Amino acid sequence: MSAERPQASAAVRSRPATEDPPALKGLLIALAVFFLASFLVLPLVVVFVEAFRKGAEGYLAALREEDALAAIRLTLTVAAIAVPVNVVFGIAAAWCIAKYEFKGKSFLVSLIDLPFSVSPVVAGLVYVLLFGAHGLLGPTVRSWGWEIVFAVPGIVLATVFVTLPFVARELIPLMEEQGTTDEEAALSLGAGGLKTFLRVTLPNIKWGLLYGVLLCNARAMGEFGAVSVISGHIRGLTNTMPLQVEVLYNEYDAVGAFTIASLLALLALVTLALKALLEWRYADEIAGTHRR
Amino acid sequence: MDIRIRNIVKDFGRTAALEGVSLDIASGELVALLGPSGSGKTTLLRIIAGLDVPNGGQVFFGDEDASHTPVQHRKVGFVFQQYALFRHMTVLENIGFGLKVRDGATRPSAAEIRRRSLELLDLVQLQGLERRYPGQLSGGQRQRVALARALAVEPRVLLLDEPFGALDAKVRKDLRRWLRAIHERTGHTTVFVTHDQDEALELADRVAVLNKGRIEQVGTPDAIYDRPETPFVFRFIGESHAVSVQVREGKVWLAGQPILMAAGGIAEGPAELHLRPQDVEFAAHAADALPARILSVRRSGPTRRAEIRLSDVEAVFEIDAPAALTVRPGEERPVRILRGRVFPAA
């Protein structure tokens, strides 16, 4: 046994190498809390405070307003069309990208992302230019008796464009990661194409799909820019909830504006809660990093 | 059900995977497709199953040309390397899947499906696990469920892709014996793919060795091991070393000495002699032997292996050192070549 032990160095580190000094830690936490409070929580609280400025009666009266109800109805209609369209497109695109090899695949993937990088206003404008009175397809479509611009179909088109990537983006990595062996197994056991899809593929992607639908729905209901350009702001007819908020606010009807805004905020909170729930419960199946 | 494979050609874009493969598999036979990765063995198995479509050639199941039958209708049981169990279904639902998806009249009743699934669960010795999900099973158990699922559809042939590839060594050995037993009980014509020669030799009635999209040799494990027909099979099966030799006057010459008296019909000129560690021994006298130096000695299971260098031809290989003999690295010791296989020089 050696009598001499090496002297403990004076500058022994008392914390793990990656841990910051307490002062810095405190500062960073305070900063984060401050930003969260002032940029997220405060505005949200203001929305509800303003909506209830004239009490519950004022809130309910603003909701019973004819135009408000029309806006809510229109928003639900648009979402009810745009979300299923998205689900079908998303599954089809993810299927063909994940399960087949072809030229131009990566180009297609970037193309699907296009709506994320294009300003929504441009997206709305494109449809106005295409289907407007002097647009490329406008006169033709008009001769069939269809109204697209400044009407519900245009709003749906613009919403579909803006929300296009949501489901596909969620499913592509998931399906790529899962590969095709489950489907091959089902086929080799005698299942046809449809049964394989319904009983094997769909259950494998259901949580990822639901997640994509949730995000898609939130965006479809909340979209402002693209819809604003193409809707023409006809009260009670082509005003969605976000547009109605703007109209009411411009008319100094703060309670009306914030009442509808509160519904949108509520939608956001519910979406957030469901999203958190999905992420917590099925994180591995959504992220697509999971394989047995 | 016997399988005849005729002239299968398959390429993936520019790379050829199979270049005209033919193979006959008798009814009830257990055949291994053995080869290194990229030899085309899995592709061949998938073509038999109908999961891949060949560019040319035919697959016969009995007298029926199954080449254009889609996988759903080929009635094959396919066991995937990664099991491919349906993870949202219980073990019992997995096994019963093939029966459940049948159309109307051919679909057994729910009770019948359950009865047969439970019976298969018994066969693969997983009684009591029917309510588990695949995620709650060990690798070996999953493999058994995958096999039961494949057997449930009463397949004409059973095809297994690297069935034990993802398991650890101990489980692998147990499952090997168990698969052999199942095969003997059910009598299915079975083809399995492996890159593990021990697995192929131990399990199969016959082994087909594949290399670069061609079958090099088909034969019983004994034939493959004892009488390799090509240099590739010799190298791939068991340990081996090759030295350059000359064939003259019907004898094999190494460094100016006749080492083997029969060249086995190989044409005169340069050739290659392939040796296993057991084919060379230390000689008692320098006469009629080749001078060699011992480079190292190491333990290998029950025997000791000596790495030696033939002094005259700069060839290094390993031989068995008998327990009675003391051998030390650095020592000069003559060796004698007892036997070997001569192939024409590549």
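Residues numbered from 1 in each chain as written. Chains lettered and ligands numbered in written order. Predicted model: local features only at pLDDT ≥ 70, side-chain atom pairs only at ≥ 80, totals over all residues. Heavy atoms only, no water.

Chemist: Could you give me a rundown of the overall build of chain B, with the residues and numbers involved?
Modeler: If you tally the helices and strands in chain B, you get nine helices and 20 strands. Counting only C-alpha atoms and orienting by the principal axes, one finds that chain B spans roughly 80 × 45 × 35 Å. Each of the 346 residues in chain B was classed as buried or not, and the buried ones make up 52%. For chain B, restricting intrachain contacts to residue pairs at least 6 apart in sequence, the fraction spanning at least 24 positions comes to 65%. Summed over all atoms, the accessible surface of chain B reaches about 15,800 Å², with 49% contributed by carbon and sulfur. (Helix = DSSP H or I, 4+ residues; strand = E, 2+ residues; numbered from the N terminus. Buried < 20%, exposed > 50% of the residue type's maximum accessible area, 1.4 Å probe, protein only. Contact = heavy atoms within 4.5 Å. Areas by Shrake-Rupley, 256 points an atom, 1.4 Å probe, with all protein chains shown as cover.)

Chemist: Hey, could you go over the interface of chain A and chain B for me, with residue numbers and the actual values?
Modeler: Listed per partner, the contact involves 21 residues of chain A and 26 residues of chain B. Carbon and sulfur atoms supply 57% of the area that chain A and chain B bury against each other, a total of about 2,100 Å² over both sides. Applying the counting rule to chain A against chain B returns two salt bridges. As a salt-bridge pair, B:D103 and A:K195 come within 3.2 Å of each other at their nearest N and O atoms. In this assembly, chain A and chain B are joined by four residue pairs in polar contact (both at pLDDT 80 or more). At the level of elements, α10 (181-188) and α11 (193-222) of chain A are the ones that each hand at least two residues to the side of chain A that touches chain B. By residue number, the principal contributor to the side of chain A that touches chain B is α10(A), which donates seven residues. Taken together, the residues that form the side of chain A that touches chain B break down as seven nonpolar, eight polar and six charged. (Buried area = accessible area lost by both parts, 1.4 Å probe. Salt bridge = Lys/Arg side-chain N within 4 Å of Asp/Glu carboxyl O. Polar contact = N/O pair within 3.5 Å; in protein donor to acceptor, adjacent residues only side chain to side chain. Nonpolar A, V, L, I, M, F, W, Y, C, P; charged D, E, K, R; others polar.)

Chemist: Run through helix α13 (residues 241-250) of chain A, naming residues and quoting values.
Modeler: Residues and elements named next belong to chain A. Of all ten residues in α13, seven are buried, a share of seventy percent or more. Where α13 is concerned, the buried positions are M241, P242, L243, Q244, V245, V247 and L248. Phi for Y252, located one or two positions after α13, is positive at around 60 degrees.

Chemist: Break down unusual backbone geometry for me, citing the residues and quoting the values.
Modeler: Residues and elements named next belong to chain B. Here N7, not a glycine, exhibits a phi torsion of approximately 50 degrees, which is positive. Inspection of the secondary structure assignment puts N7 in strand β1 (residues 3-12). A positive phi angle, near 70 degrees, is found at Y83, a position not held by glycine. Its place among the elements puts Y83 in the loop between β6 (76-79) and α3 (91-100).

Chemist: Tell me about the layout of surface pockets, residues and numbers included.
Modeler: In this approach a probe as big as a water molecule rolls over the atoms, and the regions it shows empty are the leftover space. As a volume, the largest pocket reaches approximately 470 Å³. Lining of the largest pocket is provided by 24 residues; of these, A:L187, B:G50, B:L51, B:V53 and B:V71 occupy positions nearest its centre. Listed by contribution, the elements that provide at least two residues to the lining of the largest pocket are α3 (66-99), α10 and α11 of chain A together with β4 (56-61) and α2 (71-74) of chain B. Partitioned by chemical class, the residues of the lining of the largest pocket number nine nonpolar, ten polar and five charged. Roughly 350 Å³ of volume is contained in the second largest pocket. Here the residues of the lining of the second largest pocket are counted per class, giving five nonpolar, seven polar and four charged. (1 Å grid on protein atoms, 1.4 Å probe; cavity = no way out; pocket = protein on both sides within 12 Å on 5 of 7 lines; lining within 4 Å. Points joined across faces, edges and corners; volume = space filled by probe spheres on them.)

Chemist: Report on the nonpolar core, specifying residues and quantitative values.
Modeler: It is characteristic of soluble globular proteins that their nonpolar side chains tend to be buried jointly. If you look at the biggest cluster of nonpolar residues, it comprises 42 residues, and the most contacted ones within it are B:I95, B:L147, B:V207 and B:V209. The leading source of residues in this core is helix α5 (residues 139-152) of chain B, at seven residues. For B:I95, the contacting residues outside a window of four places in its chain are B:S117, B:L120, B:L121, B:V145, B:A148, B:R149 and B:A152. With 39 residues, the next largest nonpolar core counts A:A186, B:I25, B:V59 and B:L210 among its residues. (Core = buried A, V, L, I, M, F, W, Y, C linked by side-chain atoms within 4.5 Å.)

Chemist: Describe the pattern of salt bridges, and please don't skip the residues or the numbers.
Modeler: Throughout the structure, instances matching the rule amount to 29 salt bridges over all chains. In this structure, A:R219 engages A:E223 in a salt bridge whose closest nitrogen and oxygen atoms are separated by 2.9 Å. Residue A:R219 is classed as partly exposed on the basis of its relative accessible area of 25%. Taking the shortest distance from any N to any O, the salt bridge between B:R176 and B:E202 comes out at 2.7 Å. Remark: B:E202 occurs in helix α7 (residues 197-203) and B:R176 occurs in helix α6 (residues 169-186); sequence separation between them is 26 residues. Given a relative accessible area of 44%, B:E202 falls into the partly exposed group.

Chemist: Give a description of the packing of aromatic side chains that names residues and reports values.
Modeler: Scanning all chains against the criterion turns up eleven aromatic pairs over all chains. Geometrically, the ring pair formed by A:F35 and A:F39 is stacked, given 5.5 Å between the ring centres and 10 degrees between the ring planes. Of this pair, A:F35 and A:F39 both sit in helix α1 (residues 22-51), four residues apart, which is roughly one turn of that helix. A connected cluster of aromatic rings, assembled from ring pairs, spans A:F34, A:F35 and A:F39. Just above the ring of B:F86 sits the side chain of B:R149; from NZ or CZ to the centre is 4.6 Å. When the ring centre of B:W253 is taken as reference, the NZ or CZ atom of B:R248 above it lies at 4.5 Å. (Phe/Tyr/Trp six-rings, centres within 6.5 Å; stacked < 30°, edge-to-face > 60°. Lys NZ or Arg CZ within 6 Å of the ring centre and 35° of its normal.)

Chemist: Lay out the state of the cysteines in plain terms, naming residues and giving numbers.
Modeler: Residue and element names in this part refer to chain A. Across all of its chains, the model carries zero disulfides over all chains by this definition. Looking at C216, it has no disulfide partner, and the nearest cysteine sulfur is the one in C96, 19 Å off. With relative accessibility at 0%, the residue C216 sits in the buried group. (Disulfide = S-S within 2.5 Å.)

Chemist: How would you sum up the side chain of B:R144? Please name residues and give values.
Modeler: Residues and elements named next belong to chain B. Among the structural elements, R144 can be located in helix α5. One buried charged residue, R144, forms no salt bridge at all, with the nearest opposite charge on D174 at 6.6 Å. From its side chain, R144 meets the backbone oxygen of V124 in a polar contact 3.2 Å long. Discounting chain neighbours no more than four positions away, the residues touching R144 are V124, Q125, L126, L175 and W178. (Lys, Arg positive; Asp, Glu negative; His and termini not counted.)

Chemist: Can you break down the sheet that holds strand β18 (residues 315-321) of chain B residue by residue, with the values?
Modeler: Strand pairing within a sheet occurs via backbone hydrogen bonds; the two strands may be parallel or antiparallel. Residue and element names in this part refer to chain B. Strand order in the open sheet made by the three strands is β16-β17-β18, with antiparallel pairing throughout. Edge positions in the sheet fall to β16 (292-300) and β18, since each of these pairs with one other strand and no more. Between one strand axis and the next, the sheet turns by 25 degrees as a mean value, whatever way the strands run. The sheet contact formed by strand β17 (residues 303-310) and β18 spans seven bridges and is antiparallel. Residue pairing for β18: E307 is matched across the bridge by E318. (Pairing = 2+ DSSP bridges. Axes fitted to C-alpha atoms, helices over the stretch in contact; angles between N-to-C directions.)

Chemist: Mind laying out the sheet that holds strand β20 (residues 341-344) of chain B, listing which residues take part and the relevant values?
Modeler: Residue and element names in this part refer to chain B. Here five strands make up an open sheet; going across it, the order is β13-β12-β11-β14-β20 and the pairing antiparallel. Of all the strands in the sheet, the pair left with one neighbour each is β13 (257-260) and β20. Pairs of neighbouring strands in the sheet enclose a mean axial angle of 50 degrees, with direction left out of account. As paired strands, strand β11 (residues 241-248) and strand β12 (residues 251-254) are joined by three bridges and run antiparallel to one another. Along β12, the bridge assignment pairs V247 with V252.

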